[in-house]
Amino acid sequence: MNILQVKGIHKIYGEKESQVHALRDVSFSVKQGEFIAIVGTSGSGKSTLLNLIGGLDTPTKGQIIIRGHDIAALKPKELTIFRRRNIGFVFQNYSLMPVLNVYDNVALPVTFDRGKHVDHEYIRELLKELGIWEKRKRYPNELSGGQQQRVALARALANKPAVILADEPTGNLDSRTTAEVMGLLKESSRRYHQTILMVTHNEALAQACDRIIRIEDGQIWERPRGTVVCKDGEAQPAAGAGSSGTSGVSATASAASGLGTSAGIAKPMAGVMEAGRDGERG
Ligand SMILES: Nc1ncnc2c1ncn2[C@@H]1O[C@H](COP(=O)(O)OP(=O)(O)OP(=O)(O)O)[C@@H](O)[C@H]1O
Ligand SMILES: [Mg+2]
(Lines give C-alpha, C1' and ligand atoms only; values in the text may rest on other atoms or scores of the structure.)
(Ligands and ions follow the chains in the order given, each with its own letter.)
Protein backbone atom coordinates (compact mmCIF):
# COMPACT_ATOMS: atom_id res chain seq x y z
CA MET A 1 0.00 0.00 0.00
CA ASN A 2 1.29 3.46 -0.90
CA ILE A 3 1.19 5.64 2.17
CA LEU A 4 2.68 8.63 0.36
CA GLN A 5 2.48 9.86 -3.21
CA VAL A 6 4.43 12.86 -4.41
CA LYS A 7 3.15 13.93 -7.82
CA GLY A 8 4.87 16.44 -10.08
CA ILE A 9 6.03 18.73 -7.29
CA HIS A 10 7.64 22.07 -8.06
CA LYS A 11 8.70 24.55 -5.42
CA ILE A 12 9.76 28.06 -6.35
CA TYR A 13 10.84 30.45 -3.63
CA GLY A 14 10.87 34.21 -4.13
CA GLU A 15 9.94 36.41 -7.04
CA LYS A 16 11.41 37.41 -10.39
CA GLU A 17 15.24 37.71 -10.38
CA SER A 18 15.54 36.34 -6.86
CA GLN A 19 13.57 33.19 -7.71
CA VAL A 20 14.96 29.85 -6.57
CA HIS A 21 13.54 26.76 -8.26
CA ALA A 22 14.13 24.47 -5.28
CA LEU A 23 12.24 21.41 -6.60
CA ARG A 24 11.53 20.51 -10.23
CA ASP A 25 8.91 17.96 -11.17
CA VAL A 26 9.57 15.58 -8.30
CA SER A 27 7.43 12.43 -8.26
CA PHE A 28 7.69 9.21 -6.28
CA SER A 29 5.59 6.86 -4.15
CA VAL A 30 6.39 5.35 -0.80
CA LYS A 31 4.99 2.10 0.58
CA GLN A 32 3.98 1.77 4.19
CA GLY A 33 6.89 0.59 6.31
CA GLU A 34 9.64 1.70 3.91
CA PHE A 35 12.75 3.33 5.38
CA ILE A 36 13.99 5.83 2.82
CA ALA A 37 17.20 7.82 2.77
CA ILE A 38 17.15 11.19 1.03
CA VAL A 39 20.61 12.29 -0.01
CA GLY A 40 22.09 15.14 -2.02
CA THR A 41 24.42 18.10 -1.75
CA SER A 42 23.71 21.13 0.42
CA GLY A 43 21.02 23.30 -1.12
CA SER A 44 19.73 20.53 -3.41
CA GLY A 45 16.19 20.65 -1.99
CA LYS A 46 16.05 17.91 0.67
CA SER A 47 14.62 20.00 3.51
CA THR A 48 12.25 21.70 1.08
CA LEU A 49 10.90 18.28 0.11
CA LEU A 50 10.43 17.20 3.75
CA ASN A 51 8.69 20.49 4.61
CA LEU A 52 6.25 20.02 1.74
CA ILE A 53 5.52 16.39 2.65
CA GLY A 54 4.97 17.47 6.24
CA GLY A 55 2.51 20.15 5.14
CA LEU A 56 4.64 22.91 6.64
CA ASP A 57 4.79 24.66 3.30
CA THR A 58 2.83 24.35 0.06
CA PRO A 59 4.18 23.34 -3.33
CA THR A 60 4.07 25.84 -6.19
CA LYS A 61 2.70 23.02 -8.34
CA GLY A 62 1.87 19.35 -7.83
CA GLN A 63 0.20 17.17 -5.25
CA ILE A 64 1.15 15.38 -2.06
CA ILE A 65 -1.12 12.57 -0.96
CA ILE A 66 -0.67 10.94 2.44
CA ARG A 67 -2.92 8.08 3.46
CA GLY A 68 -5.28 9.05 0.66
CA HIS A 69 -5.51 12.72 1.73
CA ASP A 70 -4.40 15.48 -0.59
CA ILE A 71 -2.81 17.57 2.13
CA ALA A 72 -3.16 20.84 0.21
CA ALA A 73 -6.93 20.31 0.23
CA LEU A 74 -7.13 20.17 4.03
CA LYS A 75 -8.24 23.25 5.91
CA PRO A 76 -5.55 24.71 8.22
CA LYS A 77 -7.14 23.22 11.33
CA GLU A 78 -7.64 19.83 9.68
CA LEU A 79 -4.03 19.90 8.51
CA THR A 80 -2.78 20.61 12.03
CA ILE A 81 -4.70 17.65 13.41
CA PHE A 82 -3.71 15.41 10.50
CA ARG A 83 -0.06 16.29 11.01
CA ARG A 84 -0.17 15.72 14.74
CA ARG A 85 -1.81 12.31 14.35
CA ASN A 86 0.19 11.04 11.40
CA ILE A 87 3.57 12.70 11.16
CA GLY A 88 6.57 12.89 13.45
CA PHE A 89 9.18 15.54 12.67
CA VAL A 90 12.85 15.67 13.55
CA PHE A 91 14.21 18.99 12.34
CA GLN A 92 17.71 20.24 11.76
CA ASN A 93 17.26 22.86 14.50
CA TYR A 94 15.49 20.46 16.97
CA SER A 95 12.81 23.09 17.76
CA LEU A 96 12.41 22.05 21.39
CA MET A 97 10.30 24.18 23.73
CA PRO A 98 12.77 26.05 25.98
CA VAL A 99 10.31 26.36 28.87
CA LEU A 100 9.62 22.62 29.06
CA ASN A 101 11.93 20.00 30.49
CA VAL A 102 13.07 17.00 28.44
CA TYR A 103 10.23 14.74 29.52
CA ASP A 104 7.51 17.30 28.85
CA ASN A 105 9.02 18.17 25.48
CA VAL A 106 8.83 14.53 24.47
CA ALA A 107 5.27 14.09 25.77
CA LEU A 108 4.11 17.34 24.18
CA PRO A 109 2.71 16.03 20.88
CA VAL A 110 0.71 13.41 22.75
CA THR A 111 -0.63 15.80 25.41
CA PHE A 112 -1.73 18.18 22.65
CA ASP A 113 -3.88 15.45 21.20
CA ARG A 114 -6.74 15.16 23.64
CA GLY A 115 -8.00 11.95 22.11
CA LYS A 116 -4.77 10.14 22.97
CA HIS A 117 -3.46 9.03 26.32
CA VAL A 118 0.19 9.54 27.16
CA ASP A 119 2.05 6.24 27.09
CA HIS A 120 4.47 7.02 29.93
CA GLU A 121 5.99 3.56 29.79
CA TYR A 122 6.83 4.01 26.11
CA ILE A 123 8.32 7.47 26.67
CA ARG A 124 10.45 6.07 29.48
CA GLU A 125 11.62 3.29 27.18
CA LEU A 126 12.49 5.78 24.43
CA LEU A 127 14.43 8.08 26.75
CA LYS A 128 16.34 5.13 28.20
CA GLU A 129 17.19 3.72 24.80
CA LEU A 130 18.41 7.13 23.69
CA GLY A 131 20.50 7.54 26.84
CA ILE A 132 18.74 10.67 28.05
CA TRP A 133 16.53 9.28 30.83
CA GLU A 134 18.84 10.85 33.44
CA LYS A 135 18.30 14.20 31.74
CA ARG A 136 14.50 14.03 31.78
CA LYS A 137 14.11 16.93 34.24
CA ARG A 138 16.66 19.16 32.50
CA TYR A 139 15.77 21.99 30.13
CA PRO A 140 16.93 22.14 26.49
CA ASN A 141 19.52 24.88 27.18
CA GLU A 142 21.18 22.56 29.72
CA LEU A 143 21.81 19.89 27.08
CA SER A 144 24.47 19.36 24.44
CA GLY A 145 23.54 19.53 20.76
CA GLY A 146 23.57 15.75 20.45
CA GLN A 147 21.37 15.36 23.53
CA GLN A 148 18.89 17.90 22.17
CA GLN A 149 18.86 15.99 18.92
CA ARG A 150 17.94 12.79 20.77
CA VAL A 151 15.15 14.57 22.66
CA ALA A 152 13.78 15.78 19.32
CA LEU A 153 13.90 12.21 18.03
CA ALA A 154 12.12 10.84 21.11
CA ARG A 155 9.45 13.50 20.67
CA ALA A 156 8.93 12.52 17.03
CA LEU A 157 8.51 8.86 18.00
CA ALA A 158 6.38 9.39 21.13
CA ASN A 159 3.14 9.61 19.18
CA LYS A 160 3.93 6.44 17.17
CA PRO A 161 3.21 8.37 13.97
CA ALA A 162 2.64 6.56 10.68
CA VAL A 163 5.23 8.74 8.94
CA ILE A 164 8.48 10.05 10.36
CA LEU A 165 10.27 12.90 8.60
CA ALA A 166 13.80 13.28 9.88
CA ASP A 167 16.22 15.93 8.65
CA GLU A 168 19.71 14.68 9.47
CA PRO A 169 18.68 13.08 12.79
CA THR A 170 22.25 11.93 13.38
CA GLY A 171 24.05 15.01 12.07
CA ASN A 172 25.40 15.99 15.48
CA LEU A 173 26.09 12.57 16.93
CA ASP A 174 29.24 10.52 17.34
CA SER A 175 29.47 7.24 15.48
CA ARG A 176 28.28 5.06 18.36
CA THR A 177 25.23 7.19 19.11
CA THR A 178 24.52 7.41 15.39
CA ALA A 179 24.40 3.63 15.24
CA GLU A 180 22.07 3.54 18.26
CA VAL A 181 19.75 6.16 16.79
CA MET A 182 19.61 4.29 13.48
CA GLY A 183 18.91 1.07 15.36
CA LEU A 184 16.09 2.73 17.25
CA LEU A 185 14.56 4.14 14.06
CA LYS A 186 14.72 0.75 12.39
CA GLU A 187 13.22 -0.99 15.40
CA SER A 188 10.46 1.60 15.71
CA SER A 189 9.58 1.36 12.01
CA ARG A 190 9.51 -2.43 12.24
CA ARG A 191 7.46 -2.54 15.43
CA TYR A 192 4.86 0.04 14.40
CA HIS A 193 5.14 -0.45 10.64
CA GLN A 194 6.20 3.18 10.32
CA THR A 195 7.39 4.85 7.17
CA ILE A 196 10.56 6.90 7.54
CA LEU A 197 12.05 9.51 5.24
CA MET A 198 15.46 10.46 6.54
CA VAL A 199 17.76 13.09 5.10
CA THR A 200 21.37 12.16 5.62
CA HIS A 201 24.77 13.24 4.35
CA ASN A 202 26.21 9.91 5.37
CA GLU A 203 26.33 7.65 2.32
CA ALA A 204 26.93 4.55 4.40
CA LEU A 205 23.88 5.23 6.58
CA ALA A 206 21.86 5.74 3.42
CA GLN A 207 23.02 2.35 2.19
CA ALA A 208 21.54 0.79 5.33
CA CYS A 209 18.05 2.04 4.38
CA ASP A 210 15.55 0.19 2.18
CA ARG A 211 15.80 2.75 -0.58
CA ILE A 212 17.77 5.85 -1.54
CA ILE A 213 16.30 8.94 -3.16
CA ARG A 214 18.97 11.31 -4.36
CA ILE A 215 18.18 14.95 -5.02
CA GLU A 216 20.38 17.16 -7.11
CA ASP A 217 19.43 20.68 -8.22
CA GLY A 218 15.85 20.02 -7.17
CA GLN A 219 15.45 16.85 -9.25
CA ILE A 220 15.40 13.30 -8.03
CA TRP A 221 17.69 10.54 -9.16
CA GLU A 222 16.56 7.28 -7.79
CA ARG A 223 18.38 4.01 -8.14
CA PRO A 224 18.05 0.70 -6.33
CA ARG A 225 20.74 0.12 -3.74
CA GLY A 226 23.91 -1.34 -5.13
CA THR A 227 23.30 -0.34 -8.74
CA VAL A 228 25.57 1.62 -11.00
CA VAL A 229 24.05 4.47 -12.91
CA CYS A 230 25.78 4.69 -16.27
CA LYS A 231 26.62 7.78 -18.25
CA ASP A 232 23.41 7.59 -20.25
CA GLY A 233 21.48 7.53 -17.01
CA GLU A 234 20.33 3.92 -17.24
CA ALA A 235 20.53 1.92 -14.04
CA GLN A 236 22.39 -1.38 -14.12
CA PRO A 237 23.12 -3.82 -11.33
CA ALA A 238 26.56 -3.32 -9.87
CA ALA A 239 29.02 -6.19 -9.77
CA GLY A 240 28.66 -7.83 -6.39
CA ALA A 241 25.42 -6.04 -5.66
CA GLY A 242 23.46 -7.62 -2.88
CA SER A 243 26.49 -8.96 -1.11
CA SER A 244 27.21 -5.80 0.76
CA GLY A 245 24.98 -6.82 3.66
CA THR A 246 24.07 -3.30 4.57
CA SER A 247 20.98 -3.88 6.60
CA GLY A 248 20.39 -3.89 10.29
CA VAL A 249 22.09 -2.28 13.19
CA SER A 250 25.40 -4.02 12.77
CA ALA A 251 25.69 -2.61 9.30
CA THR A 252 24.83 0.75 10.71
CA ALA A 253 27.54 0.46 13.26
CA SER A 254 30.06 -0.12 10.52
CA ALA A 255 28.36 2.61 8.54
CA ALA A 256 28.78 4.99 11.39
CA SER A 257 32.38 4.09 11.87
CA GLY A 258 33.53 6.51 9.26
CA LEU A 259 32.95 5.04 5.85
CA GLY A 260 32.38 8.67 5.30
CA THR A 261 30.00 10.90 3.48
CA SER A 262 29.89 11.48 -0.19
CA ALA A 263 27.20 14.06 -0.19
CA GLY A 264 29.02 15.92 -2.90
CA ILE A 265 28.69 13.03 -5.32
CA ALA A 266 25.35 13.01 -6.96
CA LYS A 267 25.86 13.09 -10.67
CA PRO A 268 25.07 9.89 -12.53
CA MET A 269 28.67 8.66 -12.70
CA ALA A 270 28.97 8.96 -8.96
CA GLY A 271 27.12 5.68 -8.66
CA VAL A 272 30.20 3.92 -9.97
CA MET A 273 32.31 5.18 -7.11
CA GLU A 274 29.70 4.27 -4.54
CA ALA A 275 29.21 0.81 -5.97
CA GLY A 276 32.97 0.34 -5.76
CA ARG A 277 32.82 1.27 -2.15
CA ASP A 278 29.99 -1.20 -1.60
CA GLY A 279 32.17 -3.89 -3.05
CA GLU A 280 34.96 -3.07 -0.64
CA ARG A 281 32.60 -3.27 2.24
CA GLY A 282 30.96 -6.53 1.20
N1 LIG B 1 12.45 29.99 2.61
C2 LIG B 1 13.25 30.05 1.56
N3 LIG B 1 13.29 31.14 0.78
C4 LIG B 1 14.08 31.21 -0.31
N5 LIG B 1 14.89 30.21 -0.71
C6 LIG B 1 14.91 29.10 0.03
C7 LIG B 1 14.11 28.96 1.21
N8 LIG B 1 14.34 27.73 1.73
C9 LIG B 1 15.25 27.14 0.94
N10 LIG B 1 15.59 27.96 -0.08
C11 LIG B 1 16.51 27.64 -1.18
O12 LIG B 1 16.07 26.45 -1.81
C13 LIG B 1 17.15 25.60 -2.14
C14 LIG B 1 16.96 24.25 -1.44
O15 LIG B 1 17.11 24.44 -0.03
P16 LIG B 1 16.98 23.26 1.01
O17 LIG B 1 16.96 23.86 2.36
O18 LIG B 1 15.83 22.41 0.63
O19 LIG B 1 18.34 22.46 0.77
P20 LIG B 1 18.91 21.16 1.50
O21 LIG B 1 19.10 20.13 0.44
O22 LIG B 1 18.06 20.81 2.66
O23 LIG B 1 20.36 21.66 1.99
P24 LIG B 1 21.19 21.29 3.33
O25 LIG B 1 21.82 19.94 3.08
O26 LIG B 1 22.22 22.38 3.38
O27 LIG B 1 20.26 21.31 4.51
C28 LIG B 1 18.41 26.34 -1.73
O29 LIG B 1 18.92 27.01 -2.84
C30 LIG B 1 17.92 27.34 -0.69
O31 LIG B 1 18.74 28.48 -0.66
MG1 LIG C 1 18.38 20.86 4.74
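Only a predicted model underlies this, so the values are computations on that prediction, with no experimental measurement involved.

1. With respect to the overall build of the protein
- Of the regular secondary structure elements, the protein holds nine helices and twelve strands.
- Out of the 282 residues in the protein, the part that is buried amounts to 41%.

2. Focus on the confidence of the model for the protein
- Summarising the model, the protein shows a mean pLDDT of 80, and 78% of its residues fall at 70 or more.
- Predicted confidence for residues 227-282 stays below pLDDT 50, and this span has 86 contacts to residues more than four positions away or in other chains.

3. Here's the deal with the sheet that holds strand β5 (residues 69-70)
- Spatial ordering of the open sheet is given by β2-β1-β4-β5, a layout of four strands whose pairing is antiparallel. Bordering the open sheet on either side are β2 (20-31) and β5, each of which pairs with just one other strand.
- Lying over the sheet, helix α1 (residues 46-53) contacts β1 (2-13), β2 and β4 (61-66), oriented at roughly 120 degrees with respect to β1.

4. What about the site of ligand 1?
- In the region of ligand 1, the neighbouring residues are Tyr-13, Gly-14, Val-20, Ala-22, Gly-40, Ser-42, Gly-43, Ser-44, Gly-45, Lys-46, Ser-47 and Thr-48.
- Going through the elements one at a time, β2 and α1 are the ones with two or more residues in the shell around ligand 1.
- Element by element, the count of residues in the shell around ligand 1 is highest for α1, at three residues.
- Looking at the shell around ligand 1 residue by residue, the class counts come to three nonpolar, eight polar and one charged.

5. As for the packing of helix α3 (residues 102-112) against helix α5 (residues 145-158)
- It is the contact of α3 with α5, at a shortest axis distance of 7 Å, that shows an interaxial angle of 30 degrees. Considered as vectors, α3 and α5 are oriented roughly parallel to each other. Between α3 and α5 lies a crossing whose hand is right-handed. In this structure, α3 uses Val-102, Asn-105, Val-106, Ala-107, Leu-108, Pro-109 and Val-110 to contact α5, whose residues at the interface are Val-151, Ala-154, Arg-155 and Ala-158.

6. A word on the pairing of β2
- Judged from the eight bridges that link them, β1 and β2 form a sheet pairing that is antiparallel. Each bridged residue has a counterpart across the sheet, and for Tyr-13 the counterpart in β2 is Val-20.
- Counting the residues between successive antiparallel strands, the hairpin from β1 to β2 contains six residues, one of them, Gly-14, with a positive phi of roughly 75 degrees.

7. Focus on the pairing of β1
- Pairing of β1 with β4 involves five bridges; the strand directions are antiparallel. Paired with Leu-4 across the strands is Ile-66, a residue of β4.

Basis of the calculations
- Residues numbered from 1 in each chain as written.
- Chains lettered and ligands numbered in written order.
- Predicted model: local features only at pLDDT ≥ 70, side-chain atom pairs only at ≥ 80, totals over all residues.
- Helix = DSSP H or I, 4+ residues; strand = E, 2+ residues; numbered from the N terminus.
- Buried ≥ 20, exposed ≤ 12 C-beta atoms within 10 Å, placed from the backbone.
- pLDDT = per-residue confidence, 0-100.
- Contact = placed C-beta atoms within 7 Å.
- Pairing = 2+ DSSP bridges.
- Axes fitted to C-alpha atoms, helices over the stretch in contact; angles between N-to-C directions.
- Near = placed C-beta within 6 Å.
- Nonpolar A, V, L, I, M, F, W, Y, C, P; charged D, E, K, R; others polar.
- Parallel < 35°, antiparallel > 145°, perpendicular 65-115°, else oblique.
- Left-handed = near helix turned anticlockwise from the far one by under 90°.

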